[in-house]
Amino acid sequence: MTTDQSIADEGIVYEGELPAEDPYALSYETGQGTVYTVSGGDWDSISSPDEGERERIVVNMGPQHPSTHGVLRLILELEGETVIDTRCGIGYLHTGIEKNMEYRTWTQGVTFVTRMDYLSPFFNETAYCLGVEKLLGVTDQIPERATTIRVLMMELNRISSHLVALATGGMELGALTAMTFGFRERELILDIFEMVTGLRMNSAFVRPGGVAQDITDDQVARIRETLPLLRKRMKDTTNLLVDNAIWMGRTVGVGYLDLAGCMALGITGPLLRSTGLPHDLRKAQPYCGYETYEFAVPTEDTCDAYGRFLIRVAEMQESIKIVEQALDRLQPGPVMIADKKIAWPARLSIGGDGQGNSPEHIKEIMSQSMEALIHHFKLVTEGFNVPAGQVYSAIESPRGELGVHIVSDGGTRPYRVHFRDASFNNLQSTAAMSNGSMISDVIAAVASIDPVMGGVDR
Amino acid sequence: MSDQQPVSPAEAGLEIASSATTMPEGVRELEVIGVRHGAFSAQDGGDTSGFGGLVAPIVMPGPTERPYGEWFDAAADEIELALADRGLPMTTAVEKVVVDRGEITFFVRREHLLAFASVLRDEPALRFEMCMGVNGVHYPGDAGRELHAVYPLQSVTHNRRIRVEVTCPDADPRIPSITSVYPANDWHERETYDFFGIIFEGHPALTRIEMPDDWPGHPQRKDYPLGGIPVEYKGAEVPPPDQRRAYT
């Protein structure tokens, strides 16, 4: 402290030319004017605007910043606290998943897509598998039980994804209790995922033709036991925020985007529904038998971050209803397509080490049936051929329309797979929501978009 | 494989295509996009399988004749009328129409893409308000039409989906940008430019979006290698994915 004081007292201010020996705080002339690099403590020396010129500075927020919802880089043009222009820099999490899938079999592709939007793996898997099944022309042959399990897992996943949206959104706006609560309840759902698929995230559980593993009665009972606790705790979390004056002060009227804006920018999901349009693909273009479930599509007409928050809260309640209905209608039956040319042959069971193939299946292929072994080997190494053509299949992910465009050249590997991730598209609205607002509102606006950079960059 | 005469994809494919006697109903000609040799993708080893001599064309679903079925005919009529209003005959703007797996695809000539897109958006009977982006596909074997841009569109009003496909040659990879009609395509076109090198003319700021600005090449093209290094596991060496033997 005393050192700082003495510097101030002595009036040591870095004016004009910065010391040449400081390599981290240089200023240099460009075509756009003088560019300063701020290294800390030298703000006063460079923040005085030129005479007659408004003070406009460009601030890089992110990609490493706790409030930008992942590795998102926001390039903000500021005049004081007011945002004049916003640009997004993305690509920091690009992993070439689409390219990699062209070198793996159709089934192996699931392992990649589950890692894209890491908060909603079951949606990625299901969107991809529905597309592959449409290409194969076997959509009608998917067993009822497999479809119900997909719906069950997707809706649980929707809850866990929305919980993270509330948790991280809350954290970014300073509501840290919302974060700890949100992540705590999410654990309940991740425990279910671990119990059913063996993995908390990135489960690669949904496969072309069905799902990887059947769900046992024991597991169904445990999911049922979890639901009341989940419901109670979700209520606690949302009660923290719904009528919270500070929360409302930060979100009401913030991140405004109306219906016309949403349509022009291709926005879907809670952002679109916050404008009052009840567009939900589960209702509009049902897949996986969603037309047979009873649930509502919550909407708000505030077009702001608070409305989106309320929609997510209401959607979690609707998802619990769907989960209960799905549990009720689980009938015994196969979970993989009957067509042996597509169905994944392996069966899994928990061995002494906590993982492994089913001993019965290994016994069958290794000592009883040579044909079964050949069949297993062919399907696992070669995979199956998918007739040439292209499809676009879309589902309603927690963030909006998750579309997948799949092209097959008739081979055992995808010719081209492209994901139209809702986060990628919705992130385009950052500028429309933020320009003219305060910096703090940019955080609220981005949090209300709920982008997941794994899905944005793929 | 090594002593085999190389056959150009188009040549071999067309030869086989023309000799095919059965074509699906409603298909005028086969859409050959390439040709497949042998049963394995890796060509470096000797032909120990005996399948090395296999030559098979890669055929995509061909053009569909009317009636298209479902609501497709009504929509096509509307498009035709609206285009005629703008002094553009359907046959000039649209190369072909493909109905496959319950989805309709209009192959639009690139010079008429903007007019076509505004018709889709503005006509009350069509009203495809939302463009769900654009996706590139690279068909190196489709001579003169190597790069395809595929636009899925959605009408919330009528609850319909439609697909528009535009092609351009590798030598002149230019397609008009439709961001003036569908602003949502801003980032999607940047992404397609980044990955395929398709230049969307008229885009406000066509720069790379996923790859670094100074990245050489366009990674999703088929002639761009996947990359990767061999991995040693328990004494054996596993080659990178694009060099492993695979079944095609």
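Cut-offs applied
Residues numbered from 1 in each chain as written. Chains lettered and ligands numbered in written order. Predicted model: local features only at pLDDT ≥ 70, side-chain atom pairs only at ≥ 80, totals over all residues. Helix = DSSP H or I, 4+ residues; strand = E, 2+ residues; numbered from the N terminus. Buried ≥ 20, exposed ≤ 12 C-beta atoms within 10 Å, placed from the backbone. Contact = placed C-beta atoms within 7 Å. Pairing = 2+ DSSP bridges. Axes fitted to C-alpha atoms, helices over the stretch in contact; angles between N-to-C directions. pLDDT = per-residue confidence, 0-100. Nonpolar A, V, L, I, M, F, W, Y, C, P; charged D, E, K, R; others polar. Left-handed = near helix turned anticlockwise from the far one by under 90°. Parallel < 35°, antiparallel > 145°, perpendicular 65-115°, else oblique.

*Asks:* What exactly am I supposed to notice about the overall build of chain B here?
*Replies:* Counting secondary structure elements, chain B contains five helices and twelve strands. In chain B, which comprises 248 residues, the proportion classed as buried is 38%. Sequence separation of 24 or more characterises 55% of the internal contacts of chain B that already satisfy a separation of 6 or more.

*Asks:* Help me understand the sheet that holds strand β9 (residues 400–408) of chain A, please; the structure alone is not making it clear to me.
*Replies:* Picture the strands of a sheet paired through backbone hydrogen bonds; they go either parallel or antiparallel. Residue and element names in this part refer to chain A. Spatially, β8-β9-β10 is the arrangement adopted by the three strands of the open sheet, whose pairing is antiparallel. Because the sheet does not close on itself, it has two edges, and the strands there are β8 (389–397) and β10 (416–420). Direction aside, the axes of adjacent strands within the sheet are offset by 15° on average. Contacts between helix α5 (residues 121–136) and the sheet are confined to β8 and β9, with β8 contributing the most and set at about 150° to the helix.

*Asks:* Just to check I follow, could you spell out the sheet that holds strand β5 (residues 82–89) of chain A for this structure?
*Replies:* Residues and elements named next belong to chain A. Read across the sheet, three strands follow the order β3-β4-β5 without closing on themselves; strand pairing throughout is antiparallel. Only two strands of the sheet have a single neighbouring strand rather than two, namely β3 (57–61) and β5. Neighbour to neighbour, the strand axes of the sheet diverge by 20° on average, direction disregarded. Where β3 lies against strand β4 (residues 73–79), five bridges are found, and the strand directions are antiparallel. Residue pairing in the sheet places N60 in a bridge with I75 of β4. Seen against the sheet, helix α18 (residues 439–449) touches β4 and β5 and runs at an angle of roughly 150° to β4.

*Asks:* When you look at the confidence of the model for chain A in this model, what are you seeing that I'm missing?
*Replies:* Low-pLDDT stretches of the model should not have their predicted coordinates read in fine detail. Of all residues in chain A, 89% have pLDDT values of 70 or greater, and the mean over the chain is 85. Low pLDDT, under 50, characterises residues 1–12 of chain A; the stretch is placed with one contact to residues that sit more than four places away or in other chains.

*Asks:* Just checking my understanding: could you explain the interface of chain B and chain A for this structure?
*Replies:* Frequently, the measure chosen for interface size is the accessible area removed from exposure when the parts meet. Residue-level contacts link 37 residues of chain B with 40 residues of chain A. When contributions to the side of chain B that touches chain A are tallied by element, the ones reaching two or more residues are β1 (31–37), β2 (55–60), β5 (130–131), β6 (135–138), β7 (147–155), β8 (160–168) and α5 (185–196) of chain B. The element that contributes the greatest number of residues to the side of chain B that touches chain A is β2 of chain B, accounting for three residues. Considering only residue class, the side of chain B that touches chain A consists of 22 nonpolar, six polar and nine charged.

*Asks:* Is there a simple way to explain helix α4 (residues 113–122) of chain B in this structure?
*Replies:* The α-helix advances 3.6 residues per turn, and as a result positions three or four apart in sequence lie on the same side. Residues L113, F116, A117, V119, L120 and R121 of chain B constitute the buried set of α4 of chain B. Of the surrounding secondary structure, the elements contacted by the buried residues of α4 of chain B are α2 (72–85), α3 (90–93), β4 (103–108), β7, β8 and β9 (174–176) of chain B.

*Asks:* What am I meant to see in the environment of V110 of chain A here?
*Replies:* Residues and elements named next belong to chain A. Within the secondary structure, V110 sits in helix α4 (residues 109–113). Taking the C-beta count within 10 Å as the criterion, V110 has 26 such neighbours and is therefore assigned buried. Sequence spacing of V110 and M433 is 323 residues, and the spatial spacing of their C-alpha atoms is 34 Å. Aside from chain neighbours lying at most four places away, what touches V110 is E125, Y128, C129, A204, V206 and R207.

*Asks:* Got a minute to help me understand the packing of α5 of chain A against helix α6 (residues 144–172) of chain A in this structure?
*Replies:* The description of two helices packed together rests on the angle between their axes and the distance between the axes. All names here are of chain A. At a minimum axis distance of 8 Å, the contact between α5 and α6 shows a crossing angle of 140°. Pair α5 / α6 crosses with left-handed handedness. Taken together, the residues of α6 that come into contact with α5 (itself represented by F122, F123 and T126) are R150, M153, M154 and N157. Of the residues assigned to the contact of α5 with α6, the class counts are four nonpolar, two polar and one charged.

*Asks:* Can you help me understand the packing of helix α8 (residues 217–242) of chain A against helix α13 (residues 305–328) of chain A in this one?
*Replies:* Residues and elements named next belong to chain A. Where α8 meets α13, the closest approach of the two axes is 11 Å, and the angle between their N-to-C directions is 165°. Classed by the angle they form, the pair α8 and α13 counts as roughly antiparallel. Considering how the two elements wind past one another, α8 and α13 form a crossing that is left-handed. Contacts between α8 and α13 pair V220, I223, R224, L227, R231, M234, T238, L241 and V242 from the former with F309, V313, M316, I320, V323, E324 and L327 from the latter. Its residues assigned to classes, the contact of α8 with α13 comprises twelve nonpolar, one polar and three charged.

*Asks:* Could you clarify how one ought to interpret the environment of R186 of chain A in this entry?
*Replies:* All names here are of chain A. By the secondary structure assignment, R186 is in helix α7 (residues 176–197). The spatial distance from the C-alpha of R186 to the C-alpha of S161 is 8.1 Å, given a sequence separation of 25 residues. Once you skip the residues sitting within four places of it in the chain, R186 turns out to touch S160, L163 and V164.

*Asks:* Sorry, what's going on with the environment of D77 of chain B here?
*Replies:* Residues and elements named next belong to chain B. Here D77 is to be found in helix α2. According to the C-beta neighbour criterion, D77 is partly exposed, with 13 such atoms within 10 Å. With 13 residues separating them in the primary sequence, D77 and M90 have C-alpha atoms 9.5 Å apart.

*Asks:* Sorry, what's going on with the confidence of the model for chain B here?
*Replies:* All names here are of chain B. Residue-level pLDDT values for chain B average 81, and 83% of them are 70 or greater. When the elements of chain B are averaged for pLDDT, helix α1 (residues 9–19) gives the smallest value, 47, and β7 the largest, 93. Below pLDDT 50 for its whole length, residues 1–10 participates in ten contacts with residues either more than four positions away or in separate chains. Contacts from residues 12–24, a stretch scored under 50 in pLDDT, to residues over four places away or in other chains number 16 contacts. Overall fold confidence for the complex sits at a pTM of 0.85, while the interface term, ipTM, reaches 0.84.

*Asks:* Just checking my understanding: could you explain unusual backbone geometry for this structure?
*Replies:* For residues other than glycine, phi is negative in most cases, and the peptide bonds are mostly trans. Geometrically, the link from R66 of chain B to P67 of chain B is a cis peptide bond, its omega value of -5° lying close to zero. When you line up the elements, P67 of chain B lands in the loop between β2 and α2. Even without glycine at this site, D450 of chain A takes up a positive phi of about 55°. Here D450 of chain A shows up in the loop between α18 and α19 (453–457). Even without being a glycine, K234 of chain B presents a positive backbone phi close to 50°.

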